[in-house]
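Take a look at the letters that make up each chain.
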Amino acid sequence: YSHLVSGGELFDRIVEKGFYTEKDASTLIRQVLDAVYYLHRMGIVHRDLKPENLFYYSQDEESKIMISDFGLSKMEGKGDVMSTACGTPGYVAPEVLAQKPYSKAVDCWSIGVIAYILLCGYPPFYDENDSKLFEQILKAEYEFDSPYWDDISESAKDFIRNLMEKDPNKRYTCEQAARHPWIAGDTALSKNIHESVSAQIRKNFAKSKWRQAFNATAVVRHMRKLHLGSSLDSSSASVSSTRSMPVFCFRVSTSFLCSASILAILQLSRLPGPLTGSGWLPLMPYS
């Protein structure tokens with residue numbers, strides 16, 4: 001079934017606020033953790049968690065957050081290994097780019113990226129060149145830059161480090177993350193960070209940018225230029241250029257009814273034949 005979600009988009013709500021704190025960000029992430037923990041218990045891996053897939057259920061100040069777009073989600077069955085490289089650049093986990101078999105831990109990495117953005121207003125990984133962007137992610141190279149992180153608690157940074165952990169076996173699960181003091185305790189600060197965060201959101205996530213459709217063919221072309229088969233261990237040797245590169249499944253178009261925010265869209269996106277076999281990728285209903 002589907003819901004009418006009328007509360008608006010996550011970034012819009014933050015920008016419109018006059019007061020926004022770490023504690024607000026902690027509350028948002030707690031809701032995301034609860035929802036994704038439920039999905040994982042049901043054996044569902046979302047595989048495309050990002051801020052633009054988070055919406056408020058209603059206009060109420062205390063409205064809950066809803067997760068949308070399950071078009072790339074997959075059931076994690078016994079003995080069923082996920083290896084398809086899919087997601088959105090900037091939010092995918094290192095093991096996905098490294099062509100490693102992966103698990104629901106990829107969702108936890110994405111939640112870490114979302115938490116990072118909610119506290120500073122800009123992404124942890126960014127480069128106009130996709131190849132360089134993917135290299136940053138593979139190495140898990142990110143910083144808590146001054147002055148944007150000067151007023152953010154060490155507890156928040158520790159929370160993010162545990163989710164944006166390169167090794168998926170050491171990375172926090174949703175359950176572990178929900179028990180972290182920044183979520184379950186009182187370490188999230190109440191200092192107003194709205195001015196800095198909202199300014200960075202406007203600068204880095206203008207709708208023309210963060211809603212931009214991805215050209216899957218161009219992305220795959222960039223991927224083929226990379227030695228993405230290298231191990232997550234920096235000491236491992238690079239993969240031979242003859243190794244086949246992964247097919248990266250990106251959303252090519254986003255048909256959306258913004259005025260009503262109706263998350264019940266069933267669409268077919270046209271993808272180049274070589275990427276999908278038949279040339280068509282059915283997108284599941286938003287729910």
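Remember, it's a predicted structure, so these values are computed and weren't measured experimentally.

Novice: How do you make sense of helix α6 (residues 154-163) when you look at a structure like this?
Specialist: Since the α-helix advances by 3.6 residues per turn, residues separated by three or four positions end up pointing in the same direction. Among the 10 residues in α6, 7 count as buried, and that is most of the element. Buried residues of α6: S155, A156, K157, F159, I160, N162 and L163, and no others. Looking at the packing, one finds that the buried side of α6 touches α2 (22-41), α4 (105-120), α7 (174-178) and α8 (181-184).

Novice: I tried to follow unusual backbone geometry on my own but got confused; where do I start?
Specialist: Glycine aside, the phi torsion of most residues is negative, and most peptide linkages are trans. Looking along the chain, the bond that leaves S146 and enters P147 is cis, with omega of 10°. Tracing the backbone shows P147 in the loop between α5 (130-139) and α6. Backbone geometry at Q99 places phi at a positive 60°, although glycine is not the residue there. Mapping Q99 onto the fold places it in the loop between α3 (94-97) and α4.

Novice: Hey, could you run me through the pattern of salt bridges in this one?
Specialist: Two side chains bearing opposite charge may form a pair once their charged atoms approach each other closely. The final tally for this structure, using the stated rule, is 6 salt bridges. The shortest N-O distance in the salt bridge between D34 and R30 comes to 3.6 Å. With D34 and R30 both in helix α2, this residue pair falls 4 residues apart, about one helical turn. Judged by relative accessible area, R30 falls into the partly exposed class, the value being 35%.

Novice: What exactly am I supposed to notice about the nonpolar core here?
Specialist: In a soluble, globular protein the nonpolar side chains are often hidden away together inside. Within the largest apolar cluster, 65 residues are counted, with the highest numbers of intra-cluster contacts made by I29, I111, L118, L119, F159, I160 and W182. Broken down by element, the residue count for this core peaks at 12 residues, all from α4.

Novice: Please explain α2 as it appears in this structure.
Specialist: Along its 20 residues, α2 runs 28 Å from first to last C-alpha, staying within 8% of the 28 Å computed at 1.5 Å per residue. Burial in α2 covers these residues: E22, A25, S26, L28, I29, Q31, V32, L33, V36, L39 and H40. For α2, the side-chain oxygen to backbone nitrogen distance between the N-cap and K23 is 3.2 Å, and the N-cap itself is T21. Following α2 by one or two positions, G43 has its phi on the positive side, about 80°.

Novice: Could you clarify how one ought to interpret the confidence of the model for the chain in this entry?
Specialist: Predicted coordinates in regions of low pLDDT should not be interpreted in detail. Taken over all residues, the pLDDT of the chain has a mean of 75, while the share at 70 or more is 68%. Counted against residues more than four places away or in other chains, residues 208-218, with its pLDDT under 50, gives 22 contacts. Throughout residues 227-287 the model reports pLDDT below 50, and contacts reaching past four residues in sequence, or to other chains, amount to 131 contacts.

Novice: So what exactly am I meant to see when it comes to the environment of V197 here?
Specialist: For V197, the position within the fold is in helix α9 (residues 194-204). V197 sits 78 residues away from L119 along the chain, and the two C-alpha atoms are 6.7 Å apart. Once residues lying within four places of it in the same chain are set aside, the contact partners of V197 are I14, Y20, L118, L119, C120 and G121.

Novice: What is the right way to read the packing of α4 against α6 from this model?
Specialist: It is the contact of α4 with α6, at a shortest axis distance of 8 Å, that shows an interaxial angle of 150°. By the angle between their directions, the pair α4 and α6 is classed as roughly antiparallel. The handedness of the crossing between α4 and α6 comes out as left-handed. The residues of α6 that touch α4, namely those facing C108, W109, I111, G112, A115, Y116 and L119, are A156, F159, I160 and L163. By residue class, the composition of the contact of α4 with α6 is 10 nonpolar, 1 polar and no charged.

Analysis parameters
Residues numbered from 1 in each chain as written. Predicted model: local features only at pLDDT ≥ 70, side-chain atom pairs only at ≥ 80, totals over all residues. Heavy atoms only, no water. Buried < 20%, exposed > 50% of the residue type's maximum accessible area, 1.4 Å probe, protein only. Helix = DSSP H or I, 4+ residues; strand = E, 2+ residues; numbered from the N terminus. Contact = heavy atoms within 4.5 Å. Salt bridge = Lys/Arg side-chain N within 4 Å of Asp/Glu carboxyl O. Core = buried A, V, L, I, M, F, W, Y, C linked by side-chain atoms within 4.5 Å. Expected span 1.5 Å × (residues − 1). Polar contact = N/O pair within 3.5 Å; in protein donor to acceptor, adjacent residues only side chain to side chain. pLDDT = per-residue confidence, 0-100. Axes fitted to C-alpha atoms, helices over the stretch in contact; angles between N-to-C directions. Parallel < 35°, antiparallel > 145°, perpendicular 65-115°, else oblique. Left-handed = near helix turned anticlockwise from the far one by under 90°. Nonpolar A, V, L, I, M, F, W, Y, C, P; charged D, E, K, R; others polar.

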